[in-house]
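Residue strings, one per chain:
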Amino acid sequence: MAAMKLKLNQIRESEVLATEGHQIIGGQPSEYILGSEAEFDALIVLIDIKIKLNKYEEAVKLIQRAQQLYQIYGDREGAYFKRIALYEHQIAVAKYEHDWKEVVELQNLLTPVQDSFERKNDIRKQESLKQQNKIEQLRGQLALSLKEKQLNTWIRNASLLLLMLSATLFYLLFTTVKNKKKLKEAELENAQHEL
């Protein structure tokens with residue numbers, strides 16, 4: 001919630017929410033990996049807020065706690081890229097303190113992690129595009145199949161209609177021929193009767 005408020009530029013409200021959230025989560029012993037990760041996530045948001053409010057002394061203390069927590073759960077899958085925000089916050093503090101050597105060192109640590117993250121995102125995007133492509137192909141095949149089914153239905157209906165018309169024509173022709181034959185027979189009978 002605090003992160004959303006921060007994105008909406010409601011910094012004071014987000015600070016209150018982030019502080020309360022950290023107090024709730026931060027009460028857990030740091031030996032628990034899940035508790036450590038949750039507290040770390042809460043701290044990242046809180047540190048960002050403190051930096052935006054120029055409360056760098058508080059941000060430094062929170063960064064130290066975040067580093068301790070990251071050492072506890074940093075080996076977990078998915079935790080690798082959480083370092084990006086931590087490095088960015090450390091760089092912001094180092095810039096504030098005019099510690100340019102620290103800025104360069106942290107930037108050197110941050111760059112490979114960001115590159116790796118971007119490559120991972122690129123791979124995910126490619127996989128997503130492949131899946132979307134596959135879905136579009138399946139949709140195309142389905143649409144083609146539906147058109148083919150409609151065409152087959154139309155052909156079947158047209159064939160049935162032609163068959164019915166042919167049968168009707170045949171019946172009419174047969175009836176006409178039969179009536180003409182009866183008429184001729186009647187004429188012949190009348191002619192024989194007159195003779």
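Definitions and cut-offs
- Residues numbered from 1 in each chain as written.
- Predicted model: local features only at pLDDT ≥ 70, side-chain atom pairs only at ≥ 80, totals over all residues.
- Heavy atoms only, no water.
- Helix = DSSP H or I, 4+ residues; strand = E, 2+ residues; numbered from the N terminus.
- Buried < 20%, exposed > 50% of the residue type's maximum accessible area, 1.4 Å probe, protein only.
- Contact = heavy atoms within 4.5 Å.
- Areas by Shrake-Rupley, 256 points an atom, 1.4 Å probe, with all protein chains shown as cover.
- 1 Å grid on protein atoms, 1.4 Å probe; cavity = no way out; pocket = protein on both sides within 12 Å on 5 of 7 lines; lining within 4 Å.
- Points joined across faces, edges and corners; volume = space filled by probe spheres on them.
- Nonpolar A, V, L, I, M, F, W, Y, C, P; charged D, E, K, R; others polar.
- Core = buried A, V, L, I, M, F, W, Y, C linked by side-chain atoms within 4.5 Å.
- Polar contact = N/O pair within 3.5 Å; in protein donor to acceptor, adjacent residues only side chain to side chain.
- pLDDT = per-residue confidence, 0-100.
- Patch = residues over 30% accessible without salt bridge, like charges linked within 9 Å, V, L, I, M, F, W, Y side chains within 5 Å.
- Salt bridge = Lys/Arg side-chain N within 4 Å of Asp/Glu carboxyl O.
- Lys, Arg positive; Asp, Glu negative; His and termini not counted.
- Charge placed at Lys NZ, Arg CZ, Asp CG, Glu CD.

As for the overall build of the protein
Per the secondary structure count, the protein includes six helices and zero strands. Its helices and strands in sequence order give the protein the pattern α-α-α-α-α-α, from N to C terminus. Here the C-alpha coordinates of the protein stretch approximately 140 × 35 × 30 Å along the principal axes. Taking all 195 residues of the protein together, 23% fall into the buried category. Considering only residue pairs separated by 6 or more positions, the protein has 60% of its internal contacts joining residues 24 or more positions apart. Entry remark: accessible area of the protein is about 14,800 Å², with carbon and sulfur atoms responsible for 58%.

Quick notes on the layout of surface pockets
Considering only enclosed or pocket space, the largest pocket measures out at about 220 Å³ in volume. Together, A3, L6, K7, F40, D41, I44, V45, D48, K82, A85 and H89 line the largest pocket. Elements with a minimum of two residues in the lining of the largest pocket: α1 (2-7), α3 (33-52) and α5 (83-96). For the lining of the largest pocket, the element with the highest residue contribution is α3, accounting for five residues. A breakdown of the residues in the lining of the largest pocket according to their chemical character gives six nonpolar, one polar and four charged. Here the second largest pocket defines a volume of roughly 160 Å³. As for the second largest pocket, its lining consists of V60, I63, Q64, Q67, Q90, V93, A94, E97, D99, E102 and L106. Broken down by secondary-structure element, the contributors of at least two residues to the lining of the second largest pocket are α4 (56-73), α5 and α6 (100-194).

Quick look at the nonpolar core
Core analysis: the largest hydrophobic core is formed by 23 residues, its most contacted members being F40, I47 and I49. Going through the elements one at a time, α1, α2 (11-25), α3, α4 and α5 are the ones with two or more residues in this core. Residue contributions to this core peak at eight residues, all from α4. Discounting residues that sit within four places of it in the chain, I47 has contacts with A59, L62, I63, A66 and H89. Membership of the second largest hydrophobic core comes to nine residues, among which are I91, A94, L106 and L110.

With respect to the side chain of R83
Here R83 lies in helix α5. Here Y70 takes part through its side chain, which lies 3.3 Å from a polar atom of the side chain of R83. In contact with R83, other than residues within four places in its own chain, are Y70 and V113.

A short note on the confidence of the model for the protein
Per-residue pLDDT for the protein averages 86, and the proportion of residues at 70 or more is 94%. Averaged pLDDT values over the elements of the protein bottom out at 74 in α1 and peak at 92 in α6.

Comments concerning a negative patch on the surface
Side chains of E57, E97, D99 and E105 sit close together on the surface and give a patch of like negative charge. Its place among the elements puts E105 in helix α6. With a relative accessible area of 39%, E105 lands in the partly exposed category.

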